[in-house]
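For reference, the chains in residue letters:
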Amino acid sequence: MPETTTITCINCPVGCPLQLLHEGDELIEVEGFDCKRGKKYGRQEFVDPRRTFSTTIWIEGARWARVPVKLTAPVPKDRIMEAARAVHTLRVRAPVQMGDVLLRDLIGEEGVDVVITRSMDRLQAEP
Ligand code: SF4
């Protein structure tokens, strides 16, 4: 007899309630989605739930003290804190360009890179 687990799709503000029909670890069907992104999300969430995040890290020699960064792909949900701690150990020196890759394969996850999302020039010394 299949069980039903209900989750909320987080791909857009509508927040469709998704019903995941499964027998133990085997997913049978996803229901309740209003678009195909919801179906894909429900399947992914059941099989291998992942999350991503954006944050800021310290930068030296720039006008501001911190520069924004993001991940290029999500990491396993149960490793999100480990990933955040690893990102927050990073330090950079200006100048940096948007898209610069600071670290590849974060926490050993292939294809999950940490990239700069805002260019920052080096602060010129006062004459
Ligand atoms: S299923 Fe589609 S419409 Fe519904 S919350 Fe997810 S992305 Fe939005």
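Everything discussed here concerns the structure shown above.
What you see is a predicted model; the values in this text were computed from it and never measured.

Caption draft 1: Looking closely at helix α1 (residues 36-47). Between its first and last C-alpha, α1 extends 17 Å over 12 residues, near the 16 Å set by a 1.5 Å rise per residue. Taken together, the buried positions of α1 are occupied by Gly38, Tyr41, Gly42 and Glu45. Projected down its long axis, α1 carries its buried residues within an arc of 100 degrees, all on one side. The exposed residues of α1 that point more than 90 degrees off its buried face are Lys36, Lys40 and Val47.

Caption draft 2: Expanded view of the site of the ligand. Every residue lining the ligand is accounted for by Cys9, Asn11, Cys12, Gly15, Cys16, Phe33, Asp34, Cys35, Arg37 and Gly38. Class assignment of the residues belonging to the shell around the ligand gives a composition of 5 nonpolar, 3 polar and 2 charged.

Caption draft 3: Broad picture of the pairing of strand β6 (residues 66-71). The two faces of β6 differ: Val67, Val69 and Leu71 on one face are buried, but Arg66, Pro68 and Lys70 on the other face are not. With 5 bridges connecting them, strand β5 (residues 54-60) and β6 associate as antiparallel partners. In the sheet register, Thr56 faces β6, and the bridge partner there is Pro68. Where β5 folds back on β6, the antiparallel hairpin that results is connected by 5 residues, among which Gly61 adopts a positive phi of roughly 80 degrees. Alignment of β6 against strand β10 (residues 114-116), held across 3 bridges, turns out to be antiparallel. The residue bridging Lys70 from the neighbouring strand is Val115, located in β10.

Caption draft 4: Looking closely at the pattern of salt bridges. Under the criterion given, the structure shown has 8 salt bridges. The salt bridge partner of Glu109 is Arg79, with a shortest N-O separation of 3.3 Å. Taken together, the residues Glu109 in the loop between β9 (101-103) and β10 and Arg79 in the loop between β7 (75-76) and α2 (80-87) connect sequence positions 30 residues apart. Connected through shared salt-bridge partners, Asp48, Arg50, Arg79, Glu82 and Glu109 make up one network.

Caption draft 5: Local environment of the nonpolar core. By size, the foremost hydrophobic cluster in this structure holds 21 residues, and its most contacted members are Ile59, Val67, Leu71, Val87 and Leu106. Those elements that place two or more of their residues in this core are β5, β6, α2 and β10. Beyond its immediate sequence surroundings of up to four residues, Val67 is in contact with Thr55, Thr56, Ile57, Ile59, Val92, Val96, Ile116, Arg118 and Met120. Ranked by size, the runner-up nonpolar core spans 8 residues in total, among them Cys9, Cys16, Val30 and Tyr41.

Caption draft 6: Focus on the packing of aromatic side chains. Considering all chains together, one arrives at 0 aromatic pairs under this definition. Directly above the aromatic system of Trp58 lies the positively charged group of Arg66, at a separation of 4.5 Å from the ring centroid. Sitting over the ring of Trp64, Arg118 keeps its end group 4.7 Å from the ring centre.

Caption draft 7: Up close: the layout of surface pockets. The computed volume of the largest pocket comes to approximately 260 Å³. What lines the largest pocket is Ile10, Asn11, Arg37, Lys40, Tyr41, Gln44, Glu45, Arg50, Arg51, Thr52 and Pro74. Counting residues per element, the lining of the largest pocket draws most heavily on α1, which supplies 5 residues.

Conventions used here
- Counting restarts for each chain: residues are numbered from 1 in the order of the written sequence.
- Local features in this predicted model are restricted to residues whose pLDDT is 70 or higher, and side-chain atom pairs enter the listing and the counts only when it is 80 or higher, whereas totals over whole chains, interfaces and linings include all residues.
- Excluded from the side-chain calculations are hydrogens and water; all other atoms, namely the structure's heavy atoms, are used.
- Starting at the N terminus, helices and strands are each numbered in turn, a helix being any DSSP run of H or I of at least four residues and a strand any DSSP run of E of at least two.
- A helix is expected to span 1.5 Å multiplied by its residue count minus one.
- Each residue is assigned to one of three classes by its accessible area relative to the maximum for its type, calculated with a 1.4 Å probe on protein chains only: buried under 20%, partly exposed between the two thresholds, exposed over 50%.
- The directions considered for the arc are those from the helix axis to the C-beta atoms.
- Any residue with at least one heavy atom within 4 Å of a molecule or strand is counted as near it.
- The nonpolar class holds Ala, Val, Leu, Ile, Met, Phe, Trp, Tyr, Cys and Pro. Asp, Glu, Lys and Arg form the charged class, and all remaining residues, Gly among them, are polar.
- In this description, strands pair whenever DSSP reports at least two bridges between them.
- Counted as salt bridges are all cases of a side-chain nitrogen of Lys or Arg within 4 Å of a carboxyl oxygen of Asp or Glu.
- What we call a nonpolar core is a set of buried Ala, Val, Leu, Ile, Met, Phe, Trp, Tyr and Cys residues that are connected through their side-chain atoms within 4.5 Å.
- It only takes one pair of heavy atoms within 4.5 Å for two residues to be counted as in contact.
- Any two rings among Phe, Tyr and Trp, with Trp reduced to its six-membered ring, count as a pair given centres within 6.5 Å; such a pair is stacked if its planes are under 30 degrees apart, edge-to-face if over 60, and tilted if neither.
- Two thresholds decide whether a charge sits over a ring: the Lys NZ or Arg CZ must be within 6 Å of the ring centre and within 35 degrees of the ring normal.
- Residues are called lining when one of their atoms sits within 4 Å of a cavity or pocket point, these points coming from a 1 Å grid over the protein atoms alone, where a cavity is a set in which a 1.4 Å probe fits but cannot get out and a pocket is an open set with protein on both sides within 12 Å along at least five of seven lines.
- Grid points are joined across faces, edges and corners, and a volume is the space filled by probe spheres set on the points.

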